[in-house]
Amino acid sequence: MPPTPADPNAPSTTRLDRPPGWLVFATGALAVTCLVLAIAETNLWAHYLIDGGEYLSLCGVGFIAVAGLFLFRARRLKASLPLVVPWLLYPIITQGDEIIDNLSINPMRIICLVLLAAIFAAPVSAVVYAARLVVVPETGSTRSLPLLLNWIPGLRWLAQGRVRAGSAMLAAALFTLEVPVAHVFLGILMMVAVVVMILGALAVASSGPEESAAPARRPWMQGERGERTALGLLLAGVVLSLGIYVGYKNRPEVYQGSPAVYMDPKRRGEAYSMSRIPVPSQPAMVPANAEAVRASLEFYGVFLEKILSGFSVLDRNYTWDYHNHLFLKDTPLIPEYRKVGLQRIAEAHALWTSGLPAAQAARGSLPMGDPIAALMDELQAYSAYHLARTPEMERLSLGYEKTQAGLQHAAHLYEGECKELGSGLDAILKKHAGVLAAPQVATITDGFSRSAHRVGDAYAKHIVGV
């Protein structure tokens, strides 16, 4: 005999028809995070969760797979199925650059808008689900709301049991709040996409009376069969999400933003080797020609700052130019930014040509095994390495900028070079920390150290679109 409603041990059909609160909260947190990441510039630490922390997306897939099995056993997976989507979407988001890599601008726009529409819809869905958990009354009853909550579109209908119309109206209101976010951070096309979602939600809200019997026309989603169907959809989604992630992560094509070693795994062997110059064990001593050595170290610091400034102008402006075309944005650009960036790189070349002889002469006066001499050898080799790469980068970027889609590759080309320059110099500072921290030669090395830290701070912790 079935238990009576008063039995505290009786299963609650209402609870089985709703996702658990902990999943709504966790999914809402993930959805908001993904939305922040979608509009974040790459100099924000939060962007680490997309490019530097791709493994976290795999943890998310593992979490939702385990949670799905738990919910299946509790007969609540079917009700929770819409909340699965953001967890499966996250790994795909991390491979966004790879998915659109070889496409022309219009297919790029379509894929980006589809992914971003899902990202914008995810927090809205989480809030709507949470509202339904709290506001929707038992079947056949009406819930009273505080006066202020009645002014929130959709909540009054939810309290009256009009679940479909109330959910759609609340979603439309939440999408409306996202319109200025889409316009400011992503441009006109994304704003239009959000407006389309608003119109779709309004159409659902006004599509007629509630039909409580509608689910009966879908027997494959009813009862135990519905739970098994939901489990099959969950497992298929996990396989698809991981398949897309692994497929694009290990695709055979070479990324068009080469030759930066951060962009092309096949060329990482060409990166500057930190083992090529050993660090002497003897302590640093003030050299006889201290002023010439100081000037030479500062020369290397100024050169690295100058060449980074050219790379950075090209990285940032190519990125903004690409996003302006992709999303119809109007981010201001430096006029003739390619000419400006290449002029700064040319100035770095001229500085190198004029200053290197004096730096080499100062180095030649130092004895073998001197820690300052090793630092100067390192800086000369490292600077020459990056200088030698500039002609190929100029040639490639000129070819890329012939199309709107190619601007992305030109941006990533210089972005990767900036990252390599900054992180490599950061490694050099750590490698030669002994001489750079020695108080007896501080007046000789301080000027270079300040320049090097400025270069390292600019890009060493910058997350590139790998």
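Quick note: structure is the one above.
For every chain, the first residue of the written sequence is number 1, and numbering continues from 1 along that sequence. Where local features are concerned, this predicted model is filtered to residues with pLDDT of at least 70; where side-chain atom pairs are given and counted, the filter is 80 or more; whole-chain, interface and lining totals use all residues. Hydrogen atoms and water are omitted, and side-chain values are computed over all heavy atoms in the structure.

*Asks:* Sorry if this is basic, but what is going on with the packing of aromatic side chains here?
*Replies:* The geometry of two aromatic rings is summed up by the distance between their centres and the angle between their planes. For Phe, Tyr and Trp, rings pair up if their centres lie within 6.5 Å, where Trp contributes its six-membered ring, and each pair is then called stacked (planes under 30 degrees apart), edge-to-face (over 60) or tilted (otherwise). A full pass over the atoms with the stated rule returns 11 aromatic pairs. Between Y272 and Y382, the ring centres sit 5.1 Å apart and the planes meet at 80 degrees, which makes this aromatic pair edge-to-face. One end of the pair, Y272, is in the loop between helix 11 (223-249) and helix 12 (290-327); the other, Y382, is in helix 14 (residues 371-400), and 110 residues separate them in sequence. Across the pair, exposure class does not vary: Y272 and Y382 are buried alike. Ring centres of F299 and Y300 lie 5.1 Å apart, and the angle between their planes is 50 degrees; this geometry places the pair in the tilted category. By relative accessible area, Y300 is classed as buried at 1%. An aromatic cluster is present here, built from F299, Y300, F303 and W352 joined pairwise through their rings. Each helix is a run of DSSP H or I of at least 4 residues and each strand a run of E of at least 2, with the numbering of both proceeding from the N terminus. Between buried and exposed lies partly exposed: a residue is buried under 20% and exposed over 50% of the maximum accessible area for its type, with that area taken using a 1.4 Å probe on protein chains only.

*Asks:* What is the right way to look at the nonpolar core in this model?
*Replies:* Where a protein is soluble and globular, its nonpolar side chains tend to be buried together. Remark: nonpolar core denotes a set of buried residues (Ala, Val, Leu, Ile, Met, Phe, Trp, Tyr, Cys) joined through side-chain atoms within 4.5 Å. Core analysis: the largest hydrophobic core is formed by 121 residues, its most contacted members being M190, V194, L297, Y414, L425 and F448. Contact between two residues is taken to exist if any of their heavy atoms lie within 4.5 Å; hydrogens are not considered. Those residues in contact with L297 that lie beyond four places of it in its chain are I372, L375, M376, L379, I444, T445 and F448.

*Asks:* Even after reading the chapter, I still don't get the environment of V181, so can you show me in this structure?
*Replies:* Secondary-structure assignment places V181 in helix 9 (residues 163-186). When the C-alpha atoms of V181 and F120 are compared, they prove to be 9.9 Å apart, with 61 residues separating the residues in sequence. Contacts of V181, omitting those with residues within four sequence positions, involve I39 and L186.

*Asks:* Hey, could you run me through the packing of helix 7 (residues 105-135) against helix 10 (residues 188-205) in this one?
*Replies:* Each pair of packed helices can be described by the angle between their axes along with the distance between the axes. At a minimum axis separation of 10 Å, helix 7 and helix 10 run at an interaxial angle of 55 degrees. On the basis of their axis angle, the class for helix 7 and helix 10 is oblique. The two elements helix 7 and helix 10 meet at a crossing, and its hand is right-handed. Note on element contacts: helix 10 touches helix 7 through L189, M190, A193, V194 and M197, opposite R109, L113, L116, A117, F120 and A121. Each axis is a line fitted through C-alpha atoms, taken for helices only over the stretch in contact, and angles between the N-to-C directions span 0 to 180 degrees. Between 65 and 115 degrees an angle is taken as roughly perpendicular, under 35 as roughly parallel, over 145 as roughly antiparallel, and anywhere else as oblique. Should the near helix be turned counterclockwise from the far one by less than a right angle, the crossing is left-handed, whereas a clockwise turn marks it as right-handed.

Spatial relationships are all this shows, so hold off on functional conclusions.
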